[in-house]
2 protein chains.
Amino acid sequence: MNENGNRKSPSKKKKPTSSGRLYNSEELVAGIRGNTIAALSKAITLVESTKPEHQAIANRIIELCLTEKQKTLRIGITGVPGVGKSTFIESFGKLLTKRGNKVSVLTVDPTSSKTKGSILGDKTRMQELVQDPNAFIRPSPSGDSLGGVTRKTRESIILLEAAGYNIIIIETVGVGQSETAVHSMVDFFLLLKLSGAGDELQGIKRGIMEMADAVAINKADGENLKAAKLAEVEFRRALQLFPPKENGWTPKVMRCSALEHTGLEPIWEVIQEFVETSKANGYFERNRQEQNRSWLIQHIEQSLKNDFNQDPKVKTMLPDLEQKVMLGTLSPFNAARQLLAVYRRTENT
Amino acid sequence: MNENGNRKSPSKKKKPTSSGRLYNSEELVAGIRGNTIAALSKAITLVESTKPEHQAIANRIIELCLTEKQKTLRIGITGVPGVGKSTFIESFGKLLTKRGNKVSVLTVDPTSSKTKGSILGDKTRMQELVQDPNAFIRPSPSGDSLGGVTRKTRESIILLEAAGYNIIIIETVGVGQSETAVHSMVDFFLLLKLSGAGDELQGIKRGIMEMADAVAINKADGENLKAAKLAEVEFRRALQLFPPKENGWTPKVMRCSALEHTGLEPIWEVIQEFVETSKANGYFERNRQEQNRSWLIQHIEQSLKNDFNQDPKVKTMLPDLEQKVMLGTLSPFNAARQLLAVYRRTENT
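All of the points below concern the structure found in this document. (Residues numbered from 1 in each chain as written. Chains lettered and ligands numbered in written order. Predicted model: local features only at pLDDT ≥ 70, side-chain atom pairs only at ≥ 80, totals over all residues. Heavy atoms only, no water.)

### Quick word on helix α8 (residues 146–162) of chain A
Residue and element names in this part refer to chain A. Taking 1.5 Å of rise per residue, the 17 residues of α8 would be expected to cover 24 Å, and the 25 Å separating its terminal C-alpha atoms lies within 8% of that figure. Within α8, 15 of the 17 residues are buried, leaving the element largely enclosed by the surrounding structure. G164 lies just past α8 and shows a positive phi near 100°. (Helix = DSSP H or I, 4+ residues; strand = E, 2+ residues; numbered from the N terminus. Expected span 1.5 Å × (residues − 1). Buried < 20%, exposed > 50% of the residue type's maximum accessible area, 1.4 Å probe, protein only.)

### Brief notes about the pattern of salt bridges
Taken as a whole, this structure holds 26 salt bridges over all chains when the rule is applied. For K324 of chain A, the salt bridge identified is with D320 of chain A, shortest N-O distance 3.4 Å. Of the two residues, K324 of chain A and D320 of chain A both sit in helix α15 (residues 312–327), four residues apart, roughly one turn of that helix. Judged by its relative accessible area of 44%, D320 of chain A is partly exposed. The partner of R236 of chain B in a salt bridge is E232 of chain B, with the nearest N and O atoms 2.8 Å apart. Here E232 of chain B and R236 of chain B lie together in helix α12 (residues 225–240), a separation of four residues that amounts to about one turn. Owing to a relative accessible area of 11%, E232 of chain B belongs among the buried residues under this scheme. (Salt bridge = Lys/Arg side-chain N within 4 Å of Asp/Glu carboxyl O.)

### Considerations on the sheet that holds strand β6 (residues 214–218) of chain A
Residues and elements named next belong to chain A. Read across the sheet, seven strands follow the order β3-β2-β4-β1-β5-β6-β7 without closing on themselves; strand pairing throughout is parallel. Of all the strands in the sheet, the pair left with one neighbour each is β3 (135–138) and β7 (252–255). The average angle at which neighbouring strand axes cross in this sheet is 20°, direction not considered. Direction of pairing for β6 relative to β7: parallel, over a ladder of four bridges. Paired with A214 across the bridge in β7 is K252. Where helix α12 (residues 225–240) meets the sheet, its contacts fall on β5 (188–194), β6 and β7, and the angle it forms with β7 comes to roughly 175°. (Pairing = 2+ DSSP bridges. Axes fitted to C-alpha atoms, helices over the stretch in contact; angles between N-to-C directions. Contact = heavy atoms within 4.5 Å.)

### Thoughts on the side chain of S49 of chain A
Relative to the helices and strands, S49 of chain A resides in the loop between α2 (37–48) and α3 (52–66). Ignoring any residue separated from it by four or fewer positions in sequence, one finds S49 of chain A in contact with H54 and Q55 of chain A.

### Notes on the packing of helix α2 (residues 37–48) of chain B against helix α3 (residues 52–66) of chain B
What describes two packed helices is the angle between their axes and the distance between those same axes. Residue and element names in this part refer to chain B. Running from amino to carboxyl end, α2 crosses α3 at an angle of 125°, the nearest separation of the two axes being 8 Å. One element, α2, and the other, α3, form an angle in the oblique class. When the axes of α2 and α3 are compared, the crossing they make is left-handed. Here A43, L46 and V47 of α2 lie close against α3, whose contacting residues are H54, I57, A58, I61 and I62. Residue composition of the contact of α2 with α3, grouped by class: seven nonpolar, one polar and no charged. (Parallel < 35°, antiparallel > 145°, perpendicular 65-115°, else oblique. Left-handed = near helix turned anticlockwise from the far one by under 90°. Nonpolar A, V, L, I, M, F, W, Y, C, P; charged D, E, K, R; others polar.)

### Some words on the sheet that holds strand β2 (residues 103–108) of chain B
Residue and element names in this part refer to chain B. The parallel open sheet is built from seven strands, whose spatial order is β3-β2-β4-β1-β5-β6-β7. In this open sheet, the two edge strands, each paired with only one partner strand, are β3 (135–138) and β7 (252–255). Here the strands of the sheet are splayed against their neighbours by 20° on average, with no regard to which way each runs. Of the strand pairs in this sheet, β2 and strand β4 (residues 167–172) are connected by six bridges, and their pairing is parallel. Among the inter-strand pairings, V103 is bridged to a residue of β4, identified as I167. Against the sheet, helix α13 (residues 264–280) touches β1 (73–78), β4, β5 (188–194), β6 (214–218) and β7, its axis set at about 160° to β7.

### Some thoughts on the packing of aromatic side chains
Taken as a whole and judged by the stated rule, the model has 14 aromatic pairs over all chains. Geometrically, the ring pair formed by F136 of chain A and Y165 of chain A is tilted, given 5.9 Å between the ring centres and 40° between the ring planes. Taken together, the residues F136 of chain A in strand β3 and Y165 of chain A in the loop between α8 and β4 (167–172) connect sequence positions 29 residues apart. Like Y165 of chain A, F136 of chain A is buried. For the ring pair W249 of chain B and F274 of chain B, a centre distance of 5.1 Å and an interplane angle of 90° mean the geometry is edge-to-face. Within this pair, whereas W249 of chain B is found in the loop between α12 and β7, its partner F274 of chain B is found in helix α13, the two being separated by 25 residues in sequence. In this structure, W249 of chain B and F274 of chain B share a single accessibility class: buried. Taken together, the ring pairs in this structure connect F88, F92 and W268 of chain A into an aromatic cluster. The ring centre of Y165 of chain A lies 4.6 Å from the NZ or CZ of K102 of chain A, which sits over that ring. Directly above the ring of F284 of chain B sits K279 of chain B, whose terminal nitrogen or CZ lies 4.7 Å from the centroid. (Phe/Tyr/Trp six-rings, centres within 6.5 Å; stacked < 30°, edge-to-face > 60°. Lys NZ or Arg CZ within 6 Å of the ring centre and 35° of its normal.)

### Section: the pairing of β2 of chain B
The buried fraction of β2 of chain B amounts to six of the six residues, a majority that puts the element mostly inside the structure. Here β2 of chain B shows two buried faces, one formed by V103, V105 and T107 of chain B and the other by S104, L106 and V108 of chain B.

### Thoughts on the environment of R33 of chain B
All names here are of chain B. Along the chain, R33 turns up in helix α1 (residues 18–33). You can call R33 partly exposed: its relative accessible area is 29%. Separated by 32 residues in the primary sequence, R33 and C65 place their C-alpha atoms 8.4 Å from one another. The residues contacting R33, other than those within four sequence positions of it, are L64, C65, T67, E68, Q70 and A162. Looking at R33, its side chain comes within polar contact range of the main-chain oxygen of L64, at 2.9 Å. (Polar contact = N/O pair within 3.5 Å; in protein donor to acceptor, adjacent residues only side chain to side chain.)

### Looking at the nonpolar core
Counting 100 residues, the largest nonpolar core has I32, I61 and L159 of chain A together with I32, I61 and L159 of chain B as the members making the most contacts within it. Beyond its immediate sequence surroundings of up to four residues, L159 of chain B is in contact with I32, L40, A43, I44, V47, I61, I62 and C65 of chain B. (Core = buried A, V, L, I, M, F, W, Y, C linked by side-chain atoms within 4.5 Å.)

### Some thoughts on the packing of helix α4 (residues 85–98) of chain B against α13 of chain B
Residue and element names in this part refer to chain B. Axis separation between α4 and α13 bottoms out at 10 Å; the angle between their running directions is 70°. Classified by the angle between their axes, α4 and α13 sit roughly perpendicular to one another. In this structure, α4 crosses over α13, and the sense of that crossing is right-handed. Contacts between α4 and α13 pair F88, S91, F92, L95 and L96 from the former with L264, E265, I267, W268 and I271 from the latter. Looking at the contact of α4 with α13, its residues break down into eight nonpolar, one polar and one charged.

As structure tokens, then:
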């Protein structure tokens, strides 16, 4: 068993000099704490690597980074493609750095490895912010599964916070399951919308609206302004129909124009109000603890599932059983029993 | 390993005469197909039993019941306590039997074993329906976990359909996670509401409204009528803000009075319209297939998790590691690695 708890040994194993590892990790951690971009980038690359020897160093780095507690704020931002997320994050990020914050931006996009371009896109999209010495932008790690991308992003947050970034913005692409993942790693979740309660709404996944701590109607400028004001009223009314969130917070609805830099100030004020309230009533800290706990549980469950799904006998048997289950000729419970029996026999030999 | 794929043998093992088992199962299945209530009740009791020898017979019965396909409809009904679910189901159930349907009612209530009373309550609540020869009411199985209750309910559906019940109503208590479970086993999901968009709304869990195929404002009678009409308009407007469901169906909002038997007819018409539309576009069958597939996956994952959580070494180590993870002094990934390493070592010995 290697250090990752995987049962299979890596096929190629480099000579692991454990002193060399220690040296590397501690040097890198010193670099991170000194906010050397090179050290930070290198550490994130190690976190993103799938090589067991890289992961071993990454794990050591993360443990070292965890020893000091930082006061940080993690903001999730979502919205359908075209809502203006990059422009918003660029404008909003600059507002934050101007006020003395150190801001970093991560993107969770499990599709980026396929659609390519979006990786490069991240940096070209936010050209001004990328040149800001108090900002650090890191595109989505490549990863075949949302689970993989999620783990890497969560670990990167720890590194960025150790490097002194006090505000971490995590952007999601607004399609698929990534919103839930991002929601589970942030303190505040902002949903960007477009004016016009019709077509634009259809792109957003069901359930997202219920996660939002605030909804901002973007592109509230020029000819759009009237429609944006209308949308604001509509959303406010709709959100009233939802039950209050468990932190006692009532989601706010605002409008802004990232392009014209208007309405960003009020959004930042709302976020600060949220932080103040939820720190005062203990929700902020409780939520982070609960998030940590569910990362642990999720990671264990994911590992157990992966191990099962990679079992050769399970792989052989699954398609046929699954087909029968779907057609209703075999009960799901019988099929599960057969698969688990085979899996456990493999394991015990 | 026993027939359930569990690694631990039952402590007391009755002499299993496999011919005796076969005899029992086939006799019971014949009884079920002949709609003998005694046989049906006995089979459901076997499904609900935790004894391995009972489960073995139950599994055989289910497989035999799966061989014939029935045209059935599974309706989920939810709403907060006090919304009038039992009265609604009694009135609605009678409307259905009058039209020649055979109706059975199941309740998913994972809390029923603790709160007792609700088990007895089910039958006393629906006194008229319980005497209807074309209706069969079965209270929630006792089970310590939602997963257990869910499995038992899903298996009971198969038995009831084999017995000729063409409409299965599954009621949920409107608290906790049971709505998601019920939603995953039905064709149509009905949310009961009360008039007045204020306080009453707060009892309903976030996300439920997005699952509903129809919302019925109940108790729309007497002094409530005006408020109910208002609520109807409000909900209709709110639901417009949601994106359309993947089946292309737009959720309907109606009002009814289960007590005065008004508005039930239109609800049944809406359900029939839903069935017609979704059978025509293939969604109905696809949804059932997808539900079967996710039962399989869920059941496997649940079994893997249970096995892990019951590991003695995991049990010993977990509380301390979990605490460290929650306080942020240990990374979730490191803790998971430690636990999985211990678990797999146990397994391989």
